[in-house]
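Below, each chain spelled out in residue letters.
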Number of protein chains: 2
Amino acid sequence: MTLRPTQACDQCTLRQLCLPMGLPDTELWQLDEIVQQRRPIEKGSTLFSMGSPFEYLYAVRTGTMKTVLMGDDGTEQITGFALAGELLGLDAIHQGSHPVTAIALESTSVCAVPWSLVEDLSGRLPTFRQHLMGVMSRGLASEENLHALLGQRSAEQRLATFLLSLSQRHHARGLAADRFILPMSRADIANHLGLTQETISRLFTQMRRQGLIELHTRDLYIPDLDALRTTAGVSTSAASSA
Amino acid sequence: MTLRPTQACDQCTLRQLCLPMGLPDTELWQLDEIVQQRRPIEKGSTLFSMGSPFEYLYAVRTGTMKTVLMGDDGTEQITGFALAGELLGLDAIHQGSHPVTAIALESTSVCAVPWSLVEDLSGRLPTFRQHLMGVMSRGLASEENLHALLGQRSAEQRLATFLLSLSQRHHARGLAADRFILPMSRADIANHLGLTQETISRLFTQMRRQGLIELHTRDLYIPDLDALRTTAGVSTSAASSA
DNA sequence: CGCTCAGTTGACGTATCTCAATCTAAGTGG
DNA sequence: CCACTTAGATTGAGATACGTCAACTGAGCG
C-alpha cells in the first residue's frame, strides 16, 4: 500500500483522456496537489446548478453525469452526457456562471480543478493549453454534429447515432464497443434527441425485432455495429458530449 | 491619407468585439503586422472547405458567412451564421482541419490570422488568452441554447428566437435592433432551424398578419421586440453564432 | 410481497413535410 | 428600356412521422 492517494493523476487510468493529457510528469504534481477529490455524488443529485458561480472545472472519474438547461417555462433540455474522463464546466468560462445544471445519473465521482489553476497552467505550459483548447474545439465540433442530427435526421437515425456515439466513447476508454449499460433513462435519451419517451421505446422494440440490438432493461448489446451504422445514415463520426 | 492600412486593428470599429479585444495598444501591432486582409469573398463562394487544413482563424470584417456541415449522403446542415466581428475556425483546432465549409452570403471581407500567431499570443498575453477562451466558451453555451431550441420549440418559436438573435447581435454592433436586412435566404433559415423553406415562408406571412414583423423581401422591421419575445417563448438569451 | 417508477404498447391527433403550382424580384441580353 | 430568364418566395392540398393521452406491464426495492 502506498501513501499516495489512489486518485492521483499519475495513477489514473483516464490520464490519456483527461485534463492532464500531455502534461509532463514534472508538472503533474501541480494538478495532484490542488485537485480536490469529492465524495461521490449520489444518483439524482446535482454537482452544480445553472446560474451558480464558476469556480471549478470538473472531470468525471467514474459514473455518468447529464447536463440540463432549464427553460424559463419549466422545459428542460439535456445538452449532453459526460462519461468518465470528460470535462464539465467549459461552457461557464465566458459568463462566469454555469449555464447548465449537472446531475448524476448514477453514483458518480469527479475531480474538481480550480479554474484559477487551469488558467495558471495554461499560461505556463503550452502543451496543456493546446490540449485544453483542443477539448473546447472538439466540443464545438461535436455540437455542430449534434445540430445536424437534430435538424436533418429521423428519429431512428438519431437513436442509432446516439448509441454509436456511446459505443465509440466506451471503446475509446478501452471498454467493449458492442456491449455496455445505458446509464440514462429512456426519457433522458428522448429529451436529449428532441423526441419523446414513447418514440424511443417503440424504436427500441423495432430495433430489437430487426436484430439490430439486444436490450434488456439498460443492458445493451450491438451484434453488428456496421448494421447500426447503416441505419444511422453512415455518419461514422458520431456526436459526443457537451 | 495615412500610410497605415485602413484595415488596421486599432482603427477597426469591431475592435471591441473581435479578437484583439483587451489587447494592450503596445501589443496590437503584432496582430496588425501579420493579419492578412484578403480581397472580398464573393457571394456564394467559399472561404474554406470542410476537410481543408486548419491554418488561419478568420474574423469577419464586413458581410456575412454561413458555415455548412456536409453529410456523406448529400444533406447539408447550416450550423451557424457569422456576422461582422465574429470568428470562424475555432471548431477546427482539435482535428487540424475544418469540420465545416464557410460560404459567403454576400460580398464579405475577412481578416486571416495565422493560428500559430494566436497560439503565440495566447502563451504570452493572459488577457488575450482569456478572451479567446471566453469566445470558445460562449460558443459552447450558444450551441447548448440552440440544442434546446431545436429539441423543444415549435417552428414559430424557433423562427422568432432566430430573429431576436439576429436583432441582438446587430444591436451589439451599435446598429438598430428593430430594423435590419436578412442576409440569408428563407431556405438557409429553414435549414439552420431544422425546418423547411415552405414552413418559414408560411410563418413569415403569419407573423406579418399578426403585426409582429414587417418584411419586404429581406428587409425586416420589428415594431415590438417584446411581442416577438413573447412568441419566442420568453427566452431572452437567444442563441448566437457557431 | 406489494409499492412505485420506468418502460411498453395502443389509438388517435397534429405540426410539419412533401409535392406542385404560381408569383415576384432581380438581373441579362437585345 | 424592355422582353426574357432565373432563382427565390409564396401558397395550397394532401401525406406522414412523431406527439399526446392513456392503459398496461415489468423491474427494483423496502
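Because the structure is predicted, anything quoted here is derived from the model rather than measured.

### Things to note about the protein's contact with DNA strand D
Part 1 of the reasoning: Taken together, 17 residues form the shell around DNA strand D, and within it A:Ala155, A:Thr199, B:Arg202, B:Thr205 and B:Arg208 come nearest.
Part 2 of the reasoning: Each atom of DNA strand D within 4 Å of the protein was assigned to sugar, phosphate or base; sugar and phosphate come to 61%.
Part 3 of the reasoning: Separating a phosphate oxygen of DNA strand D from a side-chain N or O atom of A:Thr196 is a distance of 3.0 Å.
Part 4 of the reasoning: In this structure, a phosphate oxygen belonging to DNA strand D sits 3.4 Å away from a side-chain N or O atom of B:Thr205.
Part 5 of the reasoning: For the surface near DNA strand D, the elements supplying multiple residues, two or more each, are helix 6 (197-209) of chain A together with helix 6 (197-209) of chain B.

### Details of the pattern of salt bridges
Part 1 of the reasoning: Applying the stated criterion across every chain yields a total of 14 salt bridges over all chains.
Part 2 of the reasoning: Close ionic contact of A:Glu86 with A:Arg173 constitutes a salt bridge, the shortest N to O distance being 3.3 Å. With a gap of 87 residues between them, A:Glu86 in the loop between strand 5 (76-82) and strand 6 (87-88) and A:Arg173 in the loop between helix 4 (155-172) and strand 9 (179-181) connect regions that are remote in the sequence.
Part 3 of the reasoning: Here B:Asp226 ties to B:Arg229 by a salt bridge, and the two come within 2.6 Å at their closest N and O atoms. Of this pair, B:Asp226 and B:Arg229 both sit in helix 7 (residues 225-232), three residues apart, which is roughly one turn of the helix.
Part 4 of the reasoning: The partly exposed category is assigned to B:Arg229, whose relative accessible area is 30%.
Part 5 of the reasoning: One network of salt bridges, in which partners are shared, links A:Glu86, A:Arg169 and A:Arg173.

### A word on the protein's contact with DNA strand C
Part 1 of the reasoning: Close to DNA strand C lie 17 residues, the nearest being A:Arg202, A:Thr205, A:Arg208, B:Ala155 and B:Thr199.
Part 2 of the reasoning: The sugar-phosphate share of atoms of DNA strand C within 4 Å of the protein amounts to 60%.
Part 3 of the reasoning: Between DNA strand C and A:Arg208, the relevant distance is 2.8 Å, taken from a phosphate oxygen to a side-chain nitrogen or oxygen of the residue.
Part 4 of the reasoning: In this structure, B:Thr196 approaches DNA strand C through a side-chain N or O atom, which is 3.1 Å from a phosphate oxygen.
Part 5 of the reasoning: Among the secondary structure elements, those contributing two or more residues to the surface near DNA strand C are helix 6 of chain A together with helix 6 of chain B.
Part 6 of the reasoning: The biggest single contributor to the surface near DNA strand C is helix 6 of chain A, with six residues.
Part 7 of the reasoning: In terms of residue class, the surface near DNA strand C is made up of two nonpolar, eight polar and seven charged.

### Here we look at the UniProt feature "domain: HTH crp-type" (unreviewed entry) in chain A
Part 1 of the reasoning: Annotation from UniProt places "domain: HTH crp-type" (unreviewed entry) at residues 153-226 of chain A.
Part 2 of the reasoning: As a span, residues 153-226 of chain A carries 54% helix and 12% strand, and end to end its C-alpha atoms are 18 Å apart.

### Re the interface of chain A and chain B
Part 1 of the reasoning: On the chain B side, the residues contacting the 47 residues of chain A number 47 residues.
Part 2 of the reasoning: The largest share of the area that chain A buries against chain B comes from A:Met133, A:Glu144 and A:His147, three residues that together contribute 19% of it.
Part 3 of the reasoning: Inspection of the region where chain A meets chain B yields two salt bridges.
Part 4 of the reasoning: Put simply, B:Asp73 and A:Arg153 hold a salt bridge, and the shortest N to O gap is 2.9 Å.

### As for the nonpolar core
Part 1 of the reasoning: In this structure, A:Leu19, A:Leu57, A:Leu90, B:Leu19, B:Leu57 and B:Leu90 are the most contacted members of the largest nonpolar core, which totals 59 residues.
Part 2 of the reasoning: Filtering out sequence-adjacent residues up to four positions away, B:Leu19 remains in contact with B:Leu57, B:Leu87, B:Val113, B:Val118, B:Phe128, B:His131 and B:Leu132.
Part 3 of the reasoning: One finds B:Leu149, B:Leu166, B:Phe180 and B:Leu225 within the second-largest nonpolar core, a separate group that totals 33 residues.

### Thoughts on the pairing of strand 5 of chain A
Residues and elements named next belong to chain A.
Part 1 of the reasoning: The element strand 5 is extensively covered by neighbouring structure, given that six of its seven residues are classed as buried.
Part 2 of the reasoning: By the bridge criterion, six bridges tie strand 4 (residues 65-70) to strand 5 in an arrangement that is antiparallel. Opposite Met65, over in strand 5, you have Ala82 as the bridge partner.
Part 3 of the reasoning: Between strand 4 and strand 5, which pair antiparallel one after the other, the connecting turn spans five residues, and Gly74 there sits at a positive phi close to 90 degrees.

### What about the sheet that holds strand 10 (residues 214-216) of chain A?
Residue and element names in this part refer to chain A.
Part 1 of the reasoning: With antiparallel pairing, three strands are arranged side by side in an open sheet as 9-11-10. A strand with exactly one partner marks an edge of an open sheet, and here the two such strands are strand 9 and strand 10. Averaged over all adjacent pairs, the angle separating strand axes in this sheet is 15 degrees, with direction ignored.
Part 2 of the reasoning: Pairing analysis gives three bridges linking strand 10 to strand 11 (residues 219-221), with the strands arranged antiparallel.

### Side note on the relation of the copies chain A and chain B
Part 1 of the reasoning: For the pair chain A and chain B, the relating rotation is 180 degrees, the translation along its axis is 0.0 Å, and the fit reaches an RMSD of 0.0 Å. Here the copies are linked by what is in effect a two-fold axis.
Part 2 of the reasoning: Comparing interface residues between copies, 100% of those in chain A also sit at the interface in chain B, which points to an isologous, same-surface contact.

### Quick notes on the state of the cysteines
Residue and element names in this part refer to chain A.
Part 1 of the reasoning: The tally for this structure, following the rule as stated, stands at zero disulfides over all chains.
Part 2 of the reasoning: Distance from the sulfur of Cys12, which forms no disulfide, to the nearest cysteine sulfur (Cys18) is 6.3 Å.
Part 3 of the reasoning: Using a relative accessible area of 12% as the deciding quantity, one classes Cys18 as buried.

### Description of the sheet that holds strand 3 (residues 56-62) of chain A
Whether parallel or antiparallel, the strands of a sheet pair through hydrogen bonds between backbone atoms.
Residue and element names in this part refer to chain A.
Part 1 of the reasoning: Taken together, four strands build an open sheet; the order of strands is 1-8-3-6 and the sheet is antiparallel. With one partner strand each, in any of the chains shown, strand 1 (36-37) and strand 6 form the two edges of the open sheet.
Part 2 of the reasoning: Two strands pair when backbone bridges link them, and strand 3 and strand 8 (residues 109-114) are joined in this way by six bridges, in the antiparallel orientation. In the strand pairing of strand 8, Tyr58 is matched with Ala112.

Parameters at a glance
- Residues numbered from 1 in each chain as written.
- Chains lettered and ligands numbered in written order.
- Predicted model: local features only at pLDDT ≥ 70, side-chain atom pairs only at ≥ 80, totals over all residues.
- Heavy atoms only, no water.
- Near = heavy atom within 4 Å.
- Polar contact = N/O pair within 3.5 Å; in protein donor to acceptor, adjacent residues only side chain to side chain.
- Helix = DSSP H or I, 4+ residues; strand = E, 2+ residues; numbered from the N terminus.
- Salt bridge = Lys/Arg side-chain N within 4 Å of Asp/Glu carboxyl O.
- Buried < 20%, exposed > 50% of the residue type's maximum accessible area, 1.4 Å probe, protein only.
- Nonpolar A, V, L, I, M, F, W, Y, C, P; charged D, E, K, R; others polar.
- UniProt positions renumbered as here; feature names shortened; annotations may be inferred.
- Contact = heavy atoms within 4.5 Å.
- Buried area = accessible area lost by both parts, 1.4 Å probe.
- Core = buried A, V, L, I, M, F, W, Y, C linked by side-chain atoms within 4.5 Å.
- Pairing = 2+ DSSP bridges.
- Axes fitted to C-alpha atoms, helices over the stretch in contact; angles between N-to-C directions.
- Least-squares fit on C-alpha atoms with pLDDT ≥ 70 in both.
- Disulfide = S-S within 2.5 Å.

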